[in-house]
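Structure at a glance
Listed below, chain by chain, are the residues.
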Amino acid sequence: MTWNTIVLGAGAAGMMCAVHAGPNTLVLDHAKAPGEKIRISGGGRCNFTNIYAGPENFLSQNPHFCKSALSRYTQWDFIDLVQKHGIAYHEKTLGQLFCDESAKDIIQMLLAEMQKAGAELRLKTSILSIRRTDSRFEVEIERDGQRESLSCQNLVLATGGKSIPKMGATGLAYDIATQFGLNILETRAGLVPFTFPDGRFKPLSGVAHPVRASANGASFEEAILFTHRGLSGPSMLQISSYWRESQPIAVDFFPDKDLFEALKARRKTDGRKQLATVLGYEMPGKLAEHFASDLKLTGNLADQSDARLRAIADALSDWQVTPAGTEGYRTAEVTLGGIDTDGLSSKTMEAKSVSGLYAIGEAVDVTGWLGGFNFQWAWSSGHAAGTSIRAKL
């Protein structure tokens, strides 16, 4: 079988590429259904983009690489497509857009666009080998116990990263890229909870509070969530992409409030109450109790000097904690690192040294923040590769 384009991976980036790549395009995936990560994202409602998406919301060894693709297919372009298909959506906090009904609406939209474009989809297909012959790629596959050889002019790596292996995630894209001489940067789990094997936060499991989390020069103001394994919530997931092993994380539990002034004011009205009790007016009770013990807060509020209140406020505005590690790829939403952008064209996503070989989506060293940014990279990079392929026809 001879194809113009074979896309490996029926995820967000792969399907978007197939929509734009032109006729005679085949999409292959080992899964039983397309878009599985789309389906489970956003609690089943898919945080499909962010209205504030821009280059500053992405991590990469080359922070400029994502600019071209993001500028030529923006969040507004994808929103137009969603509206065209009549999919109802809403905005949550910080510009995050979600489907009103189901993430499956996005999958069906992409499948409809693929069908309209004439792209074919084959699921439950394994890639056995890939080799280059002259100007074409020979792809050996197995499906339903049958082997088949396919040939294509353009080969697109859209199999994602290593995150969530229980859904079939592998390092296939990295293996193929390496086979063709592309460099692979160190990969790490990103947007992932932190772990503390000593179980120190088990009593706080389920407690959440808005904070500012900081590490390696990055800061995020979102909620922290204590779990029986450690620390999670949006702020922790965000900062995990910047954190490195053995480094501390700084947490400000009152980013929008002067706790010292608040405690001074309460000293006049609630002076006879215990410090821990009054602190519980400013943060969840269980959390206040934890810090009362941790900071050895004893006595009534009225008995505390300004210096003591200042010390308490300082401790809670710069709480330093060093995780033992993260939950890893098992629960990570994304994979940091991957195919080095130095080997790719930022305009087309084509390998500079191998004509017809493209890499898009999570497989590439471009990782977005939490909140719809990684999907936008999938749409933008998929569009960049697809339109480049179509322009060759």
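Relevant structure appears above.
Fair warning: this is a prediction, and the values are worked out from it, not measured in the lab. (Residues numbered from 1 in each chain as written. Predicted model: local features only at pLDDT ≥ 70, side-chain atom pairs only at ≥ 80, totals over all residues. Heavy atoms only, no water.)

**Focus on the overall build of the chain**
Regarding its fold elements, the chain presents 12 helices and 21 strands. Considered along the principal axes of its C-alpha atoms, the chain spans approximately 85 × 40 × 40 Å. By residue count, 53% of the 393 residues in the chain fall in the buried class. Sequence-distant contacts, at least 24 apart, represent 71% of the contacts inside the chain between residues at least 6 apart. Accessible area of the chain: about 16700 Å², with a carbon and sulfur share of 49%. (Helix = DSSP H or I, 4+ residues; strand = E, 2+ residues; numbered from the N terminus. Buried < 20%, exposed > 50% of the residue type's maximum accessible area, 1.4 Å probe, protein only. Contact = heavy atoms within 4.5 Å. Areas by Shrake-Rupley, 256 points an atom, 1.4 Å probe, with all protein chains shown as cover.)

**Quick word on the side chain of Thr348**
Mapping Thr348 onto the fold places it in the loop between β19 (334-339) and β20 (357-359). Of the residues examined, Thr348 reaches a relative accessible area of 17% and is grouped as buried. A polar contact of 3.2 Å, which involves the side chain of Thr348, links it to the side chain of Ser345. Only 3.2 Å separates the side chain of Thr348 from the backbone nitrogen of Glu350, close enough to count as a polar contact. Excluding residues that lie within four positions of it along the chain, Thr348 makes contacts with Arg72, Tyr358, Ala384, Ala385 and Ser388. (Polar contact = N/O pair within 3.5 Å; in protein donor to acceptor, adjacent residues only side chain to side chain.)

**Digging into the sheet that holds strand β12 (residues 194-195)**
Reading across from one edge, β17-β16-β13-β14-β15-β12-β18 is the order of the 7 strands in this open sheet, with antiparallel pairing throughout. Two strands lie at the open edges of the sheet, namely β17 (319-321) and β18 (325-326), each paired on one side alone. With 2 bridges joining them, β12 and β18 adopt antiparallel strand pairing. When the sheet's bridge partners are listed, Thr195 is paired in β18 with Gly325. Each of β16 (249-252) and β17 touches helix α11 (residues 306-317); the most contacted strand, β16, lies at about 125 degrees to it. (Pairing = 2+ DSSP bridges. Axes fitted to C-alpha atoms, helices over the stretch in contact; angles between N-to-C directions.)

**A look at the pattern of salt bridges**
This model, assessed by the stated rule, comprises 17 salt bridges. In this structure, Glu282 and Arg266 form a salt bridge, with 2.7 Å as the shortest nitrogen-oxygen distance. In this pair, Glu282 is assigned in the loop between α9 (275-279) and α10 (285-294) and Arg266 in helix α8 (residues 259-269), connecting sequence segments 16 residues apart. Using a relative accessible area of 24% as the deciding quantity, one classes Arg266 as partly exposed. (Salt bridge = Lys/Arg side-chain N within 4 Å of Asp/Glu carboxyl O.)

**Here's the deal with the state of the cysteines**
Using the criterion set out here, one finds 0 disulfides in the structure. The thiol of Cys17 is unpaired, and the distance to the nearest cysteine sulfur, on Cys152, comes to 12 Å. (Disulfide = S-S within 2.5 Å.)

**Description of the packing of aromatic side chains**
According to the stated counting rule, one finds 17 aromatic pairs in the structure shown. Taking 5.6 Å as the distance between ring centres and 80 degrees as the angle between the ring planes, the aromatic pair formed by Phe137 and Phe180 counts as edge-to-face. Placement of the pair is Phe137 in strand β9 (residues 136-143) and Phe180 in the loop between α6 (172-179) and β11 (184-190), with a sequence separation of 43 residues. The class for Phe137 is buried, based on a relative accessible area of 0%. Of the residues examined, Phe180 reaches a relative accessible area of 14% and is grouped as buried. Taken together, the ring pairs in this structure connect Phe196, Phe201, Phe226, Phe253, Phe291 and Trp319 into an aromatic cluster. When the ring centre of Phe98 is taken as reference, the NZ or CZ atom of Lys92 above it lies at 4.5 Å. The ring of Phe137 has Arg132 sitting right over it, with the charged end atom 4.4 Å from the ring centre. (Phe/Tyr/Trp six-rings, centres within 6.5 Å; stacked < 30°, edge-to-face > 60°. Lys NZ or Arg CZ within 6 Å of the ring centre and 35° of its normal.)

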